[in-house]
Amino acid sequence: MTIAPAIGTELTAVTQEPAQPGWWRRMPTKAKAGVVLFGLFVLTAIIGPLVTPYDPSYQNPSPSASMNAPSAAHLLGTTQSGQDVLSQLLVGIRLTLELGIIVGLVATALAVIVGVTAAFLGGFWDEFLSLVTNVFLVIPALPLLIVLLGYFPNRGEWPTIVVLTLLGWPWGARVIRAQTLAIRNRDFVAASRETGERTWRIIAFEIVPNEVSLIAASFVNTVLYAIAASVALAFIGVADLNSWSLGTMLYWAESQQALQLGAWWWFVPPGLAVALIGTALVLLNTGIDELGNPRLRDASSASRIAGRWLKPADPTPVLSEISQRRNGFAGFLHSFSRSSLLDKAEAGDGR
Amino acid sequence: MAFIIRRLVFYVVAAWVALTINFFIPRLVPGNAVEAIMSKFPNLQPSAYRALEALLGVGHGGSIWHQYWAYLVDVAHLNFGTSVSEYPAQVSTLLAEALPWTITLVGTATVIAFLVGTALGIAAGWRHGGGLDRVLPGLMFLQAIPYFFFALILLELFAVKVHVFPIGQGYGQGLIPGWHWAFIGSAIDHSLLPALTIVLTSIAGWMLQMRNVMITTIGEDYVIAAQAKGLPNRRVVLTYAARNAILPQLQGFGLAVGFVVSGALVMEIVFSYPGIGLLLVNSVTSNDYPLTQAIFLVITFAVLLANLIVDIIIVFVDPRTRSREAAR
C-alpha cells in the first residue's frame, strides 16, 4: 500500500478496494479457498458425467464383482450389487449441485423480489409481506418438507426442487428488506428520484447493485440449505431413489449396511463430497461477510497512516433499519415483530 | 407484558398458518390418501374404502369449510384420529410415548451446545486472531458434514468397533420403562452418544455468530470507554461487550430451534432413538397420513413454544424492552 500525501484520499482508496486491479490478491484467504474448492466441484459436475467409466446403474451379476475394494478397474470399488462407486459419485455430484444451484437461483430471486417490494411499498404491504416471511421462518422446514414430499413418492427431482424453493426464500427476503430500508433513504437514491427516474430504474440500477454482496451471501446460504436438506431427505428415503444423487448414494449404502460390512469406499466418498461442498460454501460466505464487514477482516487490511492504524470506513449497517413513520394498521402489524422491540425502545427513551 | 402478548398473537397466526397448510396438503395432492393406502395393500376389500375414509377423516362430507371446522375442533381436542400403520393405536397415544424422549435429549443437547458455543465465541471474539480462531476452519468443516454421516461414523467407531457406547435404541433390551434406576441409567447411557453428536455439530454455528457479533461490539465506543476507565478485562468482556453481543445470539436461538429440530429428526433415525423423528419417518414410509400430519403439528407447536420462551428470556435480558413498557 502506497502512502498517499493526504489522509482523505488514502481512506477513499481503501474503501474502494474491490475495484482495484489486484482484487484476487486482496480477497480474504478463506474466500479464495472457497472459490477454488467450489470451482473444482462445479468442474467435476460439468465434466464428470461425460467421463464415467461405467453406467452407474449397471449391476454386475457375477458375485466376484460385489463389494470390491478400490482397484485399478474400479477406482472407488463397487457396491453390493457390483455397481461402480466412482461412476455413481460423478453423476451424483452433478445432480446434487444442479439441484442446489437451481433452488439457490430461484429462491434468491424470490427473496430479492419480496424483500425489495416490501421495503419499497412500505405501509400495509411491507407489514403483510414481513408477516408472511416471519411465519415461514418460524415454521420448521424439514418436517414440512417430509410431509409434503411424502405425498409425491418417486416423481423425480422436480417435487423436491419446487418444495425446497418454496421454503427457501424467507431468510434472504428478511435480510434484503432490512438493507433496502437502510439504502432507500440515502442521498443518492433521493437524488435519482429528484432527477425523475422511474421507481423500477431506481430499484434496478441504484438499490440492487448496492446489495450485491448481500444477495450473493443469501444465494450461497440458500444453495447450502438446499444441498443439506436434499441430502438429508434422500437419506431418510423421501426422494426419488431411482436417480443417483449424493443423498441417494448414502441412502443405499446405509440401507445395505455398507459400514457394518466394512465397505468404507462406498459410504465415505459421497459423505465427504457433501462435506467438502458444504465447507466450500461456508468459506465463500465468510469471505463475502468479511468483504462487507471490515471489522471482521484481518488486521492486515488496516492501513498505517501518519503512524496510526486506521481501518476502512464502515459500510451501512445492515440491521439498523431507518426508523420509519408507521401509523394505523401498518404500525399495529409491525408491533408484533421482534424488531419493533428495538426501534421503538429508542424512540421511547427520548420522551 | 404487552410485548409478550403481541408476540403471542404472532405465534397464534403462525400456528393457524401451519394448521391450514396441514389441512389443505392432503386435499390438493393428486389422488387421495385413501387410494394411496388401497393401492399399497392390494388384499384390502373394496368395502374397506369407506372404513378408511372414516378413519382418515377425509370423508367428513359437507362443504370444505364444514370439514375445515370439524378438523379444527378435532385438533383442539387433541383428537388426531387412529393410526393406520399401528392400527388400533390412537395417534395421540403414540405421540405421548415418543415426545418425552425427543424433548429431553434434544432440549438438553441444544442448551449445552448453545452455552458452550457462546462461551467459546466470547473468548474467540475477544482474542480476535488468536488460537481459537485457528480452530474455526476445522469447526466449519464439522458443521458442513451432513449430520447423519458424522453420527453414523461415530456410531461405527465408538459403539461397534470400540464398545464405549451402546448401539442405538433408547434403552437396553428387556428393560421395562419406568421410574427405576436400572431403566434411567440405561436411558442416560444410551443418550450420551446422540447428545454428543448434536453438540459437536451445532457448536460451531453458535461460536461463529457470537464471535462475529463480539468483534463488532468490541469496536463500540462504550467498550473502549470501559477499558479507558481501567476496568479489569474480565468485567469489560462479560458485562460490557458480551452482555450486548448476546442479544442477536438469543434472537438467532429462536430461529435456530427449527434447524435443531430438523437435525434431531435425522439423529433419531441414525440411532433408532424412540422419539418423534423416527415416528415421523416411519409414518411417512408406511403412508400413515393421520400420524404424519399430527407429528408435523406437534413439531411446529413445539418450535413456536420454544420461540415464545426465548422472547420471555429476551425481556429479562434486554432492559430496553422493560424501559419501553415503563415509558408507556
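Analysis parameters
- Residues numbered from 1 in each chain as written.
- Chains lettered and ligands numbered in written order.
- Predicted model: local features only at pLDDT ≥ 70, side-chain atom pairs only at ≥ 80, totals over all residues.
- Helix = DSSP H or I, 4+ residues; strand = E, 2+ residues; numbered from the N terminus.
- Buried ≥ 20, exposed ≤ 12 C-beta atoms within 10 Å, placed from the backbone.
- Contact = placed C-beta atoms within 7 Å.
- Nonpolar A, V, L, I, M, F, W, Y, C, P; charged D, E, K, R; others polar.
- Core = buried A, V, L, I, M, F, W, Y, C linked by C-beta atoms within 7 Å.
- Expected span 1.5 Å × (residues − 1).
- Axes fitted to C-alpha atoms, helices over the stretch in contact; angles between N-to-C directions.
- Parallel < 35°, antiparallel > 145°, perpendicular 65-115°, else oblique.
- Left-handed = near helix turned anticlockwise from the far one by under 90°.
- pLDDT = per-residue confidence, 0-100.

(A) Geometry of the overall build of chain A. What chain A contains, in helices and strands, is 15 helices and two strands. Per-residue burial over chain A gives 41% buried out of 351 residues. Here the contacts in chain A between residues at least 6 apart in sequence split such that 72% fall between residues at least 24 apart.

(B) Representation of the overall build of chain B in the model. Broken down by element type, chain B carries 13 helices and zero strands. By residue count, 39% of the 328 residues in chain B fall in the buried class. A separation threshold of at least 6 residues defines the contact pool for chain B, and within that pool the share at least 24 residues apart is 71%.

(C) The arrangement of the environment of L164 of chain A in detail. Residue and element names in this part refer to chain A. Mapped onto the elements, L164 comes out in helix α7 (residues 158-168). By C-beta crowding, L164 is classed as buried, having 27 other C-beta atoms within 10 Å. When the C-alpha positions of L164 and A182 are compared, they lie 29 Å apart, and in sequence the two are 18 residues distant. With residues up to four places along the chain from it excluded, the contact list for L164 reads V103, A226, A229 and S230.

(D) Region of the structure containing the interface of chain A and chain B. Across the contact, 44 residues belong to chain A and 51 residues belong to chain B. Put simply, the parts of the chain that give the side of chain A that touches chain B at least two residues each are α5 (123-138), α6 (141-150), α11 (212-236), α12 (246-255), α13 (264-292) and α15 (340-350) of chain A. Considering every element that reaches the side of chain A that touches chain B, the biggest residue donor is α6 of chain A, with eight residues. Across the side of chain A that touches chain B, the residue classes tally to 30 nonpolar, seven polar and seven charged.

(E) Here's a closer look at the nonpolar core. Within the largest apolar cluster, 159 residues are counted, with the highest numbers of intra-cluster contacts made by L145 and A232 of chain A. When near neighbours in sequence (up to four residues on either side) are disregarded, A232 of chain A contacts L142 of chain A together with P146, F148 and V266 of chain B.

(F) View of helix α4 (residues 85-121) of chain A. Residues and elements named next belong to chain A. With 37 residues, α4 should reach 54 Å at 1.5 Å per residue; the first-to-last C-alpha distance of 53 Å fits that figure. By the criterion of burial, α4 is predominantly enclosed, with 26 of the 37 residues buried. After α4 finishes, the residue G122 shows a positive phi value of roughly 65 degrees.

(G) Just the packing of helix α10 (residues 233-270) of chain B against helix α11 (residues 276-285) of chain B, in detail. All names here are of chain B. Axis separation between α10 and α11 bottoms out at 7 Å; the angle between their running directions is 80 degrees. When the axes of α10 and α11 are compared, the pair comes out roughly perpendicular. In contact with A264, L265, V266, E268 and I269 of α10, α11 contributes G277, L278, L280 and V281.

(H) Inspection of the packing of α4 of chain A against α7 of chain A at higher detail. All names here are of chain A. One can describe the packing of α4 onto α7 by two numbers: an axis separation of 9 Å at closest approach and a directional angle of 40 degrees. One finds that α4 runs oblique with respect to α7. As α4 packs across α7, the resulting crossing turns out to be right-handed. For the pair α4 and α7, the contacting residues are L99, I102, V103, V106 and A107 in the first and T160, I161, L164, T165 and G168 in the second. Tallied by class, the residues present in the contact of α4 with α7 amount to seven nonpolar, three polar and no charged.

(I) Layout of unusual backbone geometry. Positive phi outside glycine occurs at S272 of chain B, with the angle close to 45 degrees. A residue is classified by how many C-beta atoms lie within 10 Å of it, and S272 of chain B, with 12 of them, is exposed.

(J) A look at the confidence of the model for chain A. Residue and element names in this part refer to chain A. Per-residue pLDDT for chain A has a mean of 74; in total, 74% of the residues score no lower than 70. Element-level mean pLDDT values for chain A span from 40 in α15 up to 89 in α4. When the criterion is pLDDT under 50, residues 298-327 qualifies, and its contacts beyond four places in sequence or with other chains add up to 43 contacts. pLDDT under 50 marks residues 340-351. Its contacts with residues more than four places away, or in other chains, come to 18 contacts.

(K) Summary view of the confidence of the model for chain B. Averaged over every residue, the pLDDT of chain B is 78; the share at 70 or more is 83%. Per-element confidence in chain B is highest for helix α9 (residues 221-228) of chain B, whose mean pLDDT is 86, and lowest for helix α13 (residues 319-327) of chain B, whose mean pLDDT is 62.

(L) Molecular detail of the environment of E290 of chain A. When you line up the elements, E290 of chain A lands in helix α13. Spatially, the C-alpha atom of E290 of chain A lies 20 Å from that of I183 of chain A, the residues being 107 residues apart in sequence.

(M) Representation of the environment of L129 of chain A in the model. All names here are of chain A. Within the secondary structure, L129 sits in helix α5. Take L129: there are 19 C-beta atoms within 10 Å of it, and that puts it in the partly exposed class. Residues L129 and A118 lie eleven residues apart in sequence; the distance between their C-alpha atoms is 6.1 Å. Among all residues touching L129, those that are not within four sequence positions of it are V114, T117 and A118.

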